[in-house]
Amino acid sequence: MRSVEDQLAAVVDAAVAPEPIRVALTDALGLMCAEEVTSTTQVPGFPQAAVDGFAVRAVDVGGSAGLRRPERRDAAKEGPEGPEGPEGEEGAEGAGSEAPADPPVARERALPVVGEVPAGSQKPLRLQPRQAVRVATGAPLPTLADAVLPLEWTDRGRKRVTPQRPVRTGDFVRKPGDDIQPGDIAVRQGSVLGPAQIGLAAAAGRDKLLVYPRPRVTVMSYGLELVDLDRTPGLGQVFDIASYVVAAAAREAGADVHRAGIVNAEPRRMRETVAGHIAKSEFVVITGAVGGSGAAPMQEILRELGEVDTTRVAMHPGSVQGFGLLGDERTPTFLLPSNPVSALVIAETFIRPAIRRSLGKTAVTRRTVKARSLRELDSIPGRRGFIRARLMRDADSGEYLVEPLSALEAGPTHLLAGFAEANAMVHLPEDAIHVRPGDIVDVEFLHQRS
């Protein structure tokens, strides 16, 4: 019997990323970048107002001579280019209000407002000494302006504006190239594309990117007793549930999933179907391909196509499973039982990590925490237990608490209904035969229900 760790290592090692393709930037979120994206321009490309206010020369509002701006008490919030803005930047309206009050600004420091520049303006303006120009956040600065006086630091005058605090050269100005310089690497090859990486690629002027696409996962089912959902089961027949469960789990993990349905039991057609799908998939999953003599014809076909290992794994549920590399492409193929609970546990434990690895994710498994069990729990000796549960957190202590779902509430372990009530799985090691209320156990987060 193989350990869970050994099975997981074999599965993850076999996972490979698909061949790169070029996609629109809007479709690249969550994918791994397959190229190095280099900027050919500087961002921003011109001196830009960082807040709504007035473009000025700092010397005209006491920033370089005469009136000096007091030091802020919270130096940690002072950036290299000046303090956080009161509006339109990270700061809130009235930023810097905790600083000591400035000396009153003399009335003769009022500056005539000689124009207004909105964001996106392409009309150049030239600022003369002792003048101000109203600017919006993102607007280009007039020539000779070296600072922006935030609107909140003035009397908000329309024709003449009186500064109430000084600014220094460079305050509230985004200088050309502050974010990206020509030749800078905007997105590195191998990076998983999140919102920030998408933004940097856009800033570099790229509307398409070379990425590793979502791995193609084909899910099919096998079993003479199975019928699809568009038919009414007869005597001895059941709906094909497991393939729907596994397809949903694979899609939730980030794969591009194709559910191929129930495989025809005639050997020649069975072989053609499986061979066709392994040639165009990164992963193949076949539910009903292990467990009992009924699965023997499928396993015989699979062994003709490649290597298949059906060694039991030391876990419950889901001990009966298989894994192999099939076809010339050596496509990773998972053989699962038709029981939907066992299939779902195997999908969470092995298939999900394989998909995440092929997507380039560094964390391939879900987050686990230590939690205090609220109930007694028994496990099978020598096997890793995966027990559905409700995970909670104590509002006062912050401690995680877990309530294993008992047979009374969730039904027998082979039924799926209890899983719908679970938001976590308790992981019990092979030597943990009995858990008492109050014992600390490992708990894995599952997909959160809203």
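Residues numbered from 1 in each chain as written. Predicted model: local features only at pLDDT ≥ 70, side-chain atom pairs only at ≥ 80, totals over all residues. Heavy atoms only, no water.

**Some details on the overall build of the protein**
Helix and strand counts for the protein come out as eight helices and 30 strands. Taken across its 450 residues, the protein has 48% of its residues classed as buried. For the protein, the proportion of contacts with a sequence separation of at least 24, taken over those separated by at least 6, is 72%. Element-wise, carbon and sulfur atoms account for 51% of the exposed surface of the protein, whose accessible area totals about 21900 Å². (Helix = DSSP H or I, 4+ residues; strand = E, 2+ residues; numbered from the N terminus. Buried < 20%, exposed > 50% of the residue type's maximum accessible area, 1.4 Å probe, protein only. Contact = heavy atoms within 4.5 Å. Areas by Shrake-Rupley, 256 points an atom, 1.4 Å probe, with all protein chains shown as cover.)

**Looking at the pattern of salt bridges**
Taken as a whole and assessed by the stated rule, the structure comprises 22 salt bridges. Here Arg259 ties to Asp228 by a salt bridge, and the two come within 3.3 Å at their closest N and O atoms. Linking Arg259 in strand β18 (residues 256-262) with Asp228 in the loop between β16 (226-227) and β17 (238-239), this pair joins segments that are 31 residues apart in sequence. Of the charged contacts, one joins Glu348 and Arg366 as a salt bridge, the two residues approaching to 2.8 Å between their closest N and O atoms. Remark: Arg366 occurs in the loop between α6 (340-358) and β24 (368-373) and Glu348 occurs in helix α6; sequence separation between them is 18 residues. Of the two residues, Glu348 and Arg366, neither departs from the other in class, the shared state being buried. The structure contains a network of salt bridges with shared partners spanning Glu252, Glu348, Arg352 and Arg366. (Salt bridge = Lys/Arg side-chain N within 4 Å of Asp/Glu carboxyl O.)

**Here's the deal with the pairing of strand β10 (residues 147-150)**
Burial along β10 is two-sided: the face carrying Ala147 and Leu149 and the face carrying Val148 and Pro150 are both buried. The sheet contact formed by strand β5 (residues 53-56) and β10 spans four bridges and is antiparallel. Bridging across to β10, Phe54 finds its partner in Leu149. (Pairing = 2+ DSSP bridges.)

**Focus on the side chain of Thr287**
In this structure, Thr287 sits in strand β19 (residues 283-287). Ignoring any residue separated from it by four or fewer positions in sequence, one finds Thr287 in contact with Met220, Ser221, Tyr222, Asp240, Ala242, Ser243, Val246, Leu336 and Pro337.

**Side note on unusual backbone geometry**
Note the cis peptide between Val43 and Pro44, where omega equals -10°. In this structure, Pro44 sits in the loop between β3 (37-38) and β4 (48-49). Positioned with a positive phi, Leu144 is a non-glycine residue whose angle comes to about 80°. Assignment of secondary structure puts Leu144 in the loop between β9 (132-135) and β10.

**Regarding α6**
Of all the bends in α6, the greatest measures close to 45° and is centred on Ala347. Where burial is concerned, most of α6 is hidden: 18 out of the 19 residues are buried. A distance of 3.2 Å separates the backbone nitrogen of Val341 from a side-chain oxygen at the start of α6, and that oxygen is part of Asn339. (Bend = angle between axes of the 7 residues up to and from the residue. Polar contact = N/O pair within 3.5 Å; in protein donor to acceptor, adjacent residues only side chain to side chain.)

**Some details on the confidence of the model for the protein**
With 86% of its residues at a pLDDT of 70 or more, the protein shows a mean pLDDT of 86. When the criterion is pLDDT under 50, residues 65-85 qualifies, and its contacts beyond four places in sequence or with other chains add up to 51 contacts. Long-range and interchain partners of residues 407-412, a stretch whose pLDDT sits below 50, account for 10 contacts in this model, where long-range means more than four residues apart. (pLDDT = per-residue confidence, 0-100.)

**Some remarks on the packing of helix α1 (residues 4-14) against α6**
The geometry of α1 relative to α6 is characterised by a closest axis approach of 9 Å and an angle of 35° between their N-to-C directions. Between α1 and α6 the crossing geometry is right-handed. Contact with α1, carried on its side by Val4, Gln7, Leu8, Val11 and Val12, involves Thr349, Phe350, Pro353, Ala354 and Arg357 of α6 and no other residues of that element. Grouping the constituent residues of the contact of α1 with α6 by class yields seven nonpolar, two polar and one charged. (Axes fitted to C-alpha atoms, helices over the stretch in contact; angles between N-to-C directions. Left-handed = near helix turned anticlockwise from the far one by under 90°. Nonpolar A, V, L, I, M, F, W, Y, C, P; charged D, E, K, R; others polar.)

**Topic: the nonpolar core**
Counting 54 residues, the largest nonpolar core has Val217, Phe334 and Ile355 as the members making the most contacts within it. A total of 10 residues in this core trace back to one element, the largest contributor, which is α6. Residues contacting Val217, with those up to four places away along its chain left out, are Ala250, Ala255, Asp256, Val257, His258, Phe283, Val285 and Ile355. (Core = buried A, V, L, I, M, F, W, Y, C linked by side-chain atoms within 4.5 Å.)

**What about the sheet that holds β9?**
Strands belonging to one sheet form pairs held by backbone hydrogen bonds; the direction of such a pair is parallel or antiparallel. Here we have five strands laid out as an open sheet, ordered β10-β5-β9-β8-β11, and mixed in their pairing. Whereas interior strands pair on both sides, the edge strands pair on one side only; in this sheet they are β10 and β11 (160-161). Across three bridges, strand β8 (residues 111-117) lies against β9 in parallel orientation. Bridge pairing in β9 places Glu116 opposite Arg134.

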